[in-house]
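Residue-level structural notes
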Amino acid sequence: MFLSVFDMFKIGIGPSSSHTMGPMVAASRFLDHLRGLSFSVAGLRASLHGSLAFTGVGHATDRAVILGLAGFTPEDYDAARAEQVLAQITASGQIDAAGLGTLTFAPKTDLIFDYDTKLAGHANGLRLMATDRQGDVIAQEIYYSIGGGFVVTEGELTAPPRKSDADYPYPFETAAQMLAMARDSGKSIAAMKRANELATRSPVALDQGMRRIWQVMNDCIDRGMRAEGILPGGLQVRRRAAAIHAALEAERGLNMNAPHTINDWISVYAMAVNEENAAGGQVVTAPTNGAAGVVPATIRYWLDHVPGANEARVGEFLLTAAAIGGLVKHNASISGAECGCQAEVGSAAAMAAAGLAAVLGGTPEQVENAAEIALEHHLGMTCDPVKGLVQVPCIERNGLGAIKAISAASLALRGDGTHFMPLDNCIEAMRQTGADMSEKYKETALGGLAVNVPNC
């Protein structure tokens, strides 16, 4: 099993990796599929199913699909140009698709929110269709956005492509295998992960790519700590990160801060990211957009507040975190629509705890313990966004996830790595809990906080 650090950490746009980035990627892939056909098409249609239908408006899924069909991708998204293209498509009922010509597509009639038909493969399903001049469907594909910006077709879901484990020097699929390989090789988790990455790319490309990931994360924190105003979507949620950061800066050096004020710094870093995400800004999936603040907040805490921290070791943090995230995704899920927020913020906290434990000198056993502690204490967490927006409770939840991650790393480093509950068992418990969880609590906005909101 191999998932690259660049699979777990993707540069994209808010507000959701599964509901915004994934559908945009799916639409782009559908265009590539159409370009390979031996016949021409005249029009496009789309239908959203499951969680993509129920919370699609709040997550801008409809916009993402339209823009994807117009050739946009998350990694090179241009917000100003996107608004122009959306206006043109709405006014003309046509999409100019490179290599396919001008195709009919009227958003009000050709993009359907299908609340009744659930596609079998995953809660986040969409059907993309091409029509002829008479309006008959002549080509179609079902895509599933399975969390973290990952997209698979129906065929890929049932028969996923798999690379041989022989392609990588340390092909661990479980935490137990990971620890055994670390003991046998004498390498850290980050070193094994790096060796796996170097099987497919050069050291320069790997290091430059990880520096780019951290730069985008850090820039997102800084933007979020400057921006003010009301977040879009209608909840009238006010950005708070800038005001909190200003207050914390004003208190520096006054000898009046209680020790727990460090929690406010951790929270503000995470909230800054998730306010940017909620506003549709550029973020890094970590492992998802809804949980994008936990890992960067933990790194920023380490760099800004821990003596001896060195930015040159951020790559080690990211590699360790990606190794843990890959285990969670492979053996359970990182999708809120599939397993609730335990799969998003819980997974992010496990990744962040592992990364922090690693750069603080933890052994592989302590790193695994840190990840387990963080995930264990998110088990059962529901995904219940109010009005389908990643604002309440998502923004604050990332701050608390980062605080838990740092506490988990600290607890693990106080021990020798020996602990009762293995990470593998905790991941399996998360998978089972998600399978048993009612759909009301899995990113449908049909239960929990989403239906218990103020009446005024």
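Everything numeric here is computed off the predicted structure, so don't read it as measured data. (Residues numbered from 1 in each chain as written. Predicted model: local features only at pLDDT ≥ 70, side-chain atom pairs only at ≥ 80, totals over all residues. Heavy atoms only, no water.)

A short note on the overall build of the chain
Rule in force here: Where helices and strands are cited, they refer to DSSP runs of H or I of at least four residues and of E of at least two residues respectively, numbered from the N terminus. Every radius of gyration here is taken over C-alpha atoms, with the globule rule written as 2.2 Å times N^0.38, N being the number of residues. Here, residues are in contact when the closest pair of their heavy atoms is within 4.5 Å. Here the Shrake-Rupley method, with its probe set to 1.4 Å, supplies the accessible areas, and only the displayed protein chains count as covering residues. Neither His nor the chain ends contribute to the count of charged residues, in which Lys and Arg are positive and Asp and Glu negative. Each charge is placed at NZ for Lys, CZ for Arg, CG for Asp and CD for Glu.
Within the chain, the regular secondary structure consists of 19 helices and nine strands. In terms of overall size, the chain behaves like a compact globule, its C-alpha atoms giving a radius of gyration of 22 Å where 456 residues would be expected to give roughly 23 Å. The contacts of the chain with a sequence gap of at least 6 include a subset with a gap of at least 24, amounting to 74%. If you sum the accessible surface of the chain, you get close to 18,500 Å²; carbon and sulfur atoms cover 51% of it. Of the side-chain charges in the chain, 35 are positive and 47 negative, and the distance between the mean point of each set is 2 Å.

Re the packing of aromatic side chains
For clarity, the cut-off: For this analysis, a ring pair means two rings from Phe, Tyr or Trp (six-membered ring only for Trp) whose centres lie within 6.5 Å, classed as stacked if their planes differ by under 30 degrees, edge-to-face if by over 60, and tilted for the remaining angles. We call a charge positioned above a ring when the Lys NZ or Arg CZ atom is no farther than 6 Å from the ring centre and deviates by at most 35 degrees from the ring normal.
Counted under the stated rule, the structure contains six aromatic pairs. Grouped by ring-pair contacts, the aromatic residues Phe54, Phe113 and Tyr115 constitute a single cluster. Positioned over the ring face of Phe150 is Lys10, at 3.3 Å from the centre of the ring. It is Lys329 that lies over the ring of Phe150; its NZ or CZ is 4.4 Å from the centre.

Notes on the packing of helix 10 (residues 203-224) against helix 14 (residues 314-331)
Our working definition: Angles here are taken between N-to-C directions and fall from 0 to 180 degrees, while the axes themselves are lines fitted to C-alpha atoms, restricted in helices to the stretch in contact. When describing relative orientation, an angle under 35 degrees is termed roughly parallel and one over 145 degrees roughly antiparallel, while 65 to 115 degrees is termed roughly perpendicular and anything else oblique. Three residue categories are used. Nonpolar comprises Ala, Val, Leu, Ile, Met, Phe, Trp, Tyr, Cys and Pro, charged comprises Asp, Glu, Lys and Arg, and polar comprises the others, including Gly.
Here helix 10 crosses helix 14 at 95°, and the two axes come no closer than 10 Å. With respect to helix 14, the axis of helix 10 lies roughly perpendicular. Contact with helix 10, carried on its side by Met210, Ile213, Trp214 and Met217, involves Val314, Gly315, Leu318 and Leu319 of helix 14 and no other residues of that element. Its residues placed into classes, the contact of helix 10 with helix 14 shows seven nonpolar, one polar and no charged.

Here's the deal with the UniProt feature "domain: Serine dehydratase-like alpha subunit" (unreviewed entry) in the chain
To be explicit about the condition: UniProt positions are given in the numbering used here, feature names are shortened, and annotations may be inferred rather than shown by experiment.
As recorded in UniProt, the sites labelled "domain: Serine dehydratase-like alpha subunit" (unreviewed entry) are residues 186-450. Counted over residues 186-450, helix gives 59% and strand 1%. Its end C-alpha atoms are 48 Å apart.

Topic: the UniProt feature "domain: Serine dehydratase beta chain" (unreviewed entry) in the chain
Listed under "domain: Serine dehydratase beta chain" (unreviewed entry) in the UniProt record, and renumbered for this structure, are residues 4-155. For residues 4-155, helix accounts for 37% and strand for 30%, while the C-alpha atoms at its two ends are 22 Å apart.

A short note on empty space enclosed by the protein
Quick reminder of the rule: Buried and open spaces are told apart on a 1 Å grid over the protein atoms alone, a cavity being a set of points where a 1.4 Å probe fits but cannot get out and a pocket being an open set with protein on both sides within 12 Å along at least five of seven lines. Residues with an atom within 4 Å of a point are the lining residues. Grid points are joined across faces, edges and corners, and a volume is the space filled by probe spheres set on the points. Where each domain begins and ends follows an automated or database-derived domain assignment.
Using the criterion set out here, one finds two cavities of 30 Å³ or more in the structure. In this structure, the largest cavity is lined by 26 residues; those nearest its centre are Gly290, Glu344, Cys383, Val390 and Glu443. Within the residue set of the lining of the largest cavity, elements represented by two or more residues are helix 2 (17-35) and helix 18 (394-413). Domain assignment of the residues forming the lining of the largest cavity places at least three in each of domain 1 (17-158) and domain 2 (175-441). Taken as a whole, the second largest cavity holds about 60 Å³ of empty space. Contributing to the lining of the second largest cavity are Met1, Phe2, Leu3, Tyr170, Phe172, Lys193, Asn196, Ala322, Ala323 and Gly326. Contributions of two or more residues to the lining of the second largest cavity are made by helix 9 (189-197) and helix 14. In terms of residue count, helix 14 provides more of the lining of the second largest cavity than any other element does, three residues in total. A breakdown of the residues in the lining of the second largest cavity according to their chemical character gives seven nonpolar, two polar and one charged.

Remarks on the domain arrangement of the chain
What counts, and what does not: Two parts placed together each lose some accessible area under a 1.4 Å probe, and adding up what both lose gives the buried area. For this document, the term salt bridge refers to a Lys or Arg side-chain nitrogen within 4 Å of an Asp or Glu carboxyl oxygen. Two N or O atoms form a polar contact when they lie within 3.5 Å of each other; inside protein one atom must be a possible hydrogen donor and the other a possible acceptor, and for residues adjacent in sequence the pair counts only when both atoms belong to side chains.
According to the domain assignment, the chain consists of domain 1 (17-158) and domain 2 (175-441). For domain 1 and domain 2, the distance between their C-alpha centroids amounts to 30 Å. Taken together, the 14 residues of domain 1 in the interface contact 14 residues of domain 2. Buried surface at the junction of domain 1 and domain 2, summed over both partners, amounts to about 1,100 Å²; 58% is from carbon and sulfur atoms. Linking domain 1 with domain 2 are one salt bridge, by the criterion used here. Of the charged contacts in the structure, one is a salt bridge between Glu439 and Lys118, with a shortest N-O distance of 2.4 Å. Taken together, the connections running from domain 1 to domain 2 amount to four residue pairs in polar contact (both at pLDDT 80 or more). The set of elements that each furnish at least two residues to the side of domain 1 that touches domain 2 consists of helix 2 and strand 7 (137-147). Of the residues assigned to the side of domain 1 that touches domain 2, the class counts are four nonpolar, nine polar and one charged.

Some remarks on the pattern of salt bridges
Selection rule: Three exposure classes are used, based on accessible area relative to the maximum for each residue type with a 1.4 Å probe and protein chains only: buried under 20%, partly exposed in between, and exposed over 50%.
Tallied over the full model, the rule gives 17 salt bridges. Between Glu197 and Arg201 there is a salt bridge, with the nearest N and O atoms lying 2.8 Å from each other. Taking the relative accessible area as the measure of exposure, Glu197 reaches 0% and is therefore buried. Taking relative accessible area as the criterion, Arg201 reaches 26% and is therefore assigned partly exposed.

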